[in-house]
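# Breakdown of the fold
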Amino acid sequence: MSNKRKNIEESLLPGLDSGGSYSPAKVIQQGAEEVIKKGKFKRSGHLTDQILKYNYPKDRQPSLFDSLKTETLKDIEVAGVEVSEIVEGIKLSPSENKIIDCLCKLLHETSQTSDAKREDYYSGNVGYELTEFGEDKKTPAPKLAFTIYELTKEYKGGEYVSGKDIENVKQILRELDSKRFLLSYVETTKKRDGGRIEKKIEDFRKLIHIIKISQTEYNKEDIELSKKEETIILLNPIFRRQIDSKFILYPNDINRRTIIAYGSHNLSDIALRLRDYLMREHSSKHYQPEITLDKLYYLLAERWMRESRKKKVTEYTDKAIETVKALGLLLSYEIKPASTGDKKIVFTLNKEWD
């Protein structure tokens, strides 16, 4: 085991046995004990679905832009983005994905979460803004207020926070604030008579909008006495839409545990996507999900697959599988022939994972 990995483990969770050897089982057991103490947070199921969305070339699909509403096309035009550059869903870097996890946790911890019928349900700690979303003219958009240090501490998995770490998180937020995403999905509401209502959501907008507020106090001699810096973020409504009924429970220390399981703070996109895919399946009580290998590779690394970099995808996928095993989420997997003749992978998840 490298000194780098050992330092990470020792600084985060005491997963070393008496002989100084790394014990993943011990890490997961102790991690689970912490989760029991600390609890969990809800992450929107619609948000996760949009992050995991991918286009499989062998599936027949209508042209995306032939089906877009006129209002959406106008929003894309106003944003000054080439239509050919737009992809459906939320495409994030590993760092941005970690930030989203942190924001979901802060939203859970700081919001009113006891009464889903109230408009301020999962709406943050500084009120909310009513905004258009899809065809809804007024839907609550959550607002969060926090210090960058607080967010960075969460991002680092509870580890020591340096000035460089804080600047890094600021930069990730700024980059995320500059991106717009094409969201397209259906919200389903079940009726008491057994029927259902389906609402198509289509929107092209940012996931977050940042407002930075700095308050400085001076005395009558114009000498600075104190300075308090606070960040307020306006979240996209998708962070809370139907979160009372469609959500995935994440352990409060998911960042911390993922860093340990991966062996580095520099998590790969593939490892995070496999983790979130299996967590979504686990949440749906699909404890033996299966998918063809080719589709799995596109789900995990669509861009690399389109660039014919399959060898790199398989290498990173192997590492991702090791990671979810170390997390305790995945017990085993098996590759076998599918009915189509393609190879499929069957995952066996830990039903007791917590």
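These lines cover the structure that appears in this document, whether it is placed above or below. None of these values were measured; they are calculated from a predicted model. (Residues numbered from 1 in each chain as written. Predicted model: local features only at pLDDT ≥ 70, side-chain atom pairs only at ≥ 80, totals over all residues. Heavy atoms only, no water.)

This brings us to the pairing of strand β5 (residues 196–206). Here 11 bridges tie strand β4 (residues 180–190) to β5, and the two strands are oriented antiparallel to one another. Following the sheet pairing, Tyr185 is matched in β5 by Ile201. Between β4 and β5, which follow one another and run antiparallel, lie five residues, and Gly194 among them has a positive phi close to 95 degrees. (Pairing = 2+ DSSP bridges. Helix = DSSP H or I, 4+ residues; strand = E, 2+ residues; numbered from the N terminus.)

It is worth spelling out the environment of Lys137 at this point. Among the secondary structure elements, Lys137 is positioned in strand β3 (residues 136–146). Sequence-distant contacts of Lys137, that is, excluding residues within four places in its chain, are made with Thr131 and Glu132. (Contact = heavy atoms within 4.5 Å.)

Okay, the pattern of salt bridges next. Going through the model one piece at a time under the given rule, you end up with 28 salt bridges. For Arg241, the salt bridge is made with Asp136, and the minimal N-O distance between the two is 3.0 Å. Of the two residues, Arg241 is situated in the loop between β7 (224–235) and β8 (247–251) and Asp136 in strand β3; the sequence distance between them amounts to 105 residues. Like Arg241, the residue Asp136 is buried in the burial classification. Linking Glu167 and Lys170 is a salt bridge whose minimum nitrogen-to-oxygen distance equals 3.5 Å. Of this pair, Glu167 and Lys170 both sit in helix α7 (residues 163–177), three residues apart, roughly one helical turn. The buried category is assigned to Lys170, whose relative accessible area is 15%. Through salt bridges that share partners, Arg43, Asp101, Arg275 and Asp276 make up one connected network. (Salt bridge = Lys/Arg side-chain N within 4 Å of Asp/Glu carboxyl O. Buried < 20%, exposed > 50% of the residue type's maximum accessible area, 1.4 Å probe, protein only.)

Let us now look at the nonpolar core. The biggest cluster of nonpolar side chains holds 73 residues, and the ones touching the most others in it are Leu103, Leu207, Phe239, Leu274 and Phe347. Considering each element in turn, this core owes the most residues, nine residues, to helix α10 (residues 293–306). (Core = buried A, V, L, I, M, F, W, Y, C linked by side-chain atoms within 4.5 Å.)

To continue, consider the layout of surface pockets. Size it by volume and the largest pocket reaches roughly 500 Å³. Taken together, the elements giving at least two residues each to the lining of the largest pocket come down to α9 (269–283) and α10. Residue classes in the lining of the largest pocket are distributed as 11 nonpolar, two polar and eight charged. (1 Å grid on protein atoms, 1.4 Å probe; cavity = no way out; pocket = protein on both sides within 12 Å on 5 of 7 lines; lining within 4 Å. Points joined across faces, edges and corners; volume = space filled by probe spheres on them. Nonpolar A, V, L, I, M, F, W, Y, C, P; charged D, E, K, R; others polar.)

Relative to the helices and strands, Ile148 is located in helix α6 (residues 148–155). Residue Ile148 is classed as buried on the basis of its relative accessible area of 7%. Sequence separation of Ile148 and Glu229 is 81 residues, and the distance between their C-alpha atoms is 8.5 Å. Not counting residues within four places of it along the chain, the set of residues in contact with Ile148 comprises Ile166, Lys170, Leu173 and Thr231.

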